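Okay, here's what each chain looks like letter by letter:
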Amino acid sequence: MKLEIHGLTKRFGSHAALDHLDLSVDGGRVIVLVGPSGGGKSTLLRVLGGLETPDAGEVVIREKPLPRSEAELLAYRRRNGFLFQQFNLFPHLTALRNLTLPLEEVQRLSPADAKATAEAALDRFGLLAHAHKRPAELSGGQQQRVGIARAVAAKPEVLFLDEPTSALDPEMTAEVLELIQELAEGGQRIILSTHEMGFARAVGDLVAFLAAGKVVESAPPAQWFEKPQSEQAQRFLSRVLRYV
Ligand SMILES: Nc1ncnc2c1ncn2[C@@H]1O[C@H](COP(=O)(O)OP(=O)(O)OP(=O)(O)O)[C@@H](O)[C@H]1O
Ligand SMILES: [Mg+2]
């Protein structure tokens, strides 16, 4: 996927969550954002997904400038899929309804088409037997998989995943990671953030290391994990990899 970002800035009050961020990507399906907490990963995902409007800068994603008007942003959001860091599913709705609701309301499918599409997505991820359950009746890993099933049900151009494995135990993490890998192998374009370095390395075509609102460096994972260039990235990696 092609992605060109120049001088991207997003402020919250006086704090720049993204601070003249630059990133250039040419090719590959999966972009992985890594880096210290508060570095700007979620904010960048939200801006790229059209959920947050930047204060300054240029973004060209898949050869098109990121839309600016509210109407265009709405259409753009409809073409993409999201999984947020937290609070993904409606707690009062079944897994199936969690999928059919946005298909009906956002994608404007008929109830029958929405049901067929939702069931196909749940089936694909081995979740059909859980279709009637509410989130509280699902394990954390199952909830995350339902969230991902919902995000991909409408065949998004780009799938944005913000820490899809946060708050999961290692086995559930593995389950979710396998699912994402499968999606990537099936050709899905994905931009995700993660604190799972093993996963970043395995699934990413490109790793972008963010700190203090900037991409400090970006490279193919094999290269970046072996030889990070900046002292900041070296310090980050030596700290996080010590416990793997
Ligand atoms: N809605 C908001 N209002 C005010 N400040 C915000 C908001 N969203 C993010 N920030 C600030 O912007 C900075 C970047 O936050 P962001 O959530 O993008 O970091 P992150 O890299 O995703 O961190 P983590 O790894 O902990 O998820 C942080 O200092 C955060 O406190
Ligand atoms: Mg985050």
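Residues numbered from 1 in each chain as written. Chains lettered and ligands numbered in written order. Predicted model: local features only at pLDDT ≥ 70, side-chain atom pairs only at ≥ 80, totals over all residues. Heavy atoms only, no water.

### Re the overall build of the chain
When its secondary structure is counted, the chain shows 9 helices and 10 strands. Its C-alpha atoms give the chain a radius of gyration of 18 Å, within 12% of the compact-globule value 18 Å for 244 residues. Dimensions of the chain, computed from C-alpha atoms along their principal axes, come out at roughly 55 × 45 × 35 Å. Taking as baseline every contact in the chain between residues at least 6 positions apart, the subset at least 24 positions apart corresponds to 65%. Per element, the accessible surface of the chain, about 11900 Å² overall, is 51% carbon and sulfur. In the chain, 28 positive and 30 negative side-chain charges are present, and the distance between their average locations comes to 3 Å. (Helix = DSSP H or I, 4+ residues; strand = E, 2+ residues; numbered from the N terminus. Rg over C-alpha atoms; globule rule 2.2 N^0.38 Å. Contact = heavy atoms within 4.5 Å. Areas by Shrake-Rupley, 256 points an atom, 1.4 Å probe, with all protein chains shown as cover. Lys, Arg positive; Asp, Glu negative; His and termini not counted. Charge placed at Lys NZ, Arg CZ, Asp CG, Glu CD.)

### Comments concerning the side chain of E104
Looking at the element boundaries, E104 is found in helix α3 (residues 95–105). Assessed through its relative accessible area of 18%, E104 is described here as buried. Among all residues touching E104, those that are not within four sequence positions of it are R97, L109, S110, P111 and A114. (Buried < 20%, exposed > 50% of the residue type's maximum accessible area, 1.4 Å probe, protein only.)

### Observations concerning α3
Along α3, the residues that are buried comprise A95, L96, N98, L99, T100, L103 and E104. Buried residues belonging to α3 abut α4 (111–124) and α5 (140–153).

### Regarding the sheet that holds strand β1 (residues 2–12)
Paired through their backbone hydrogen bonds, the strands of a sheet run either parallel or antiparallel. Strand order in the open sheet made by the 4 strands is β2-β1-β4-β5, with antiparallel pairing throughout. Each of the sheet's edge strands pairs with one partner strand only, and the pair in question is β2 (15–26) and β5 (64–65). The pairing of β1 with β2 spans 8 bridges and is antiparallel. If you follow E4 over to β2, its bridge partner there is S24. (Pairing = 2+ DSSP bridges.)

### A look at the site of ligand 1
Close to ligand 1 lie 14 residues; S37, G38, K41, S42 and T43 are nearest. Relative to its unbound accessible area of 630 Å², ligand 1 is 62% covered by the protein chains. Elements that contribute at least two residues to the shell around ligand 1 include exactly β2 and α1 (41–48). Ranked by the residues each element gives to the shell around ligand 1, the list is headed by α1, at 3 residues. Per-class residue counts for the shell around ligand 1 are 3 nonpolar, 9 polar and 2 charged. (Near = heavy atom within 4 Å. Nonpolar A, V, L, I, M, F, W, Y, C, P; charged D, E, K, R; others polar.)

### Let's talk about the side chain of Q142
Relative to the elements of secondary structure, Q142 occurs in helix α5. A polar side-chain atom of Q142 sits 2.9 Å from the main-chain amide nitrogen of S139. (Polar contact = N/O pair within 3.5 Å; in protein donor to acceptor, adjacent residues only side chain to side chain.)

### As for the sheet that holds strand β10 (residues 214–219)
An order of β6-β7-β8-β3-β9-β10 is seen for the 6 strands of this open sheet, with the pairing classed as mixed. Since the sheet does not close on itself, it has two edges, and those belong to β6 (81–83) and β10, each with one partner. Across this sheet, the average inter-strand angle for adjacent strands is 15 degrees, counted without regard to direction. Relative to β6, α5 is tilted by about 165 degrees, and along the sheet it contacts β6 and β7 (158–162). (Axes fitted to C-alpha atoms, helices over the stretch in contact; angles between N-to-C directions.)

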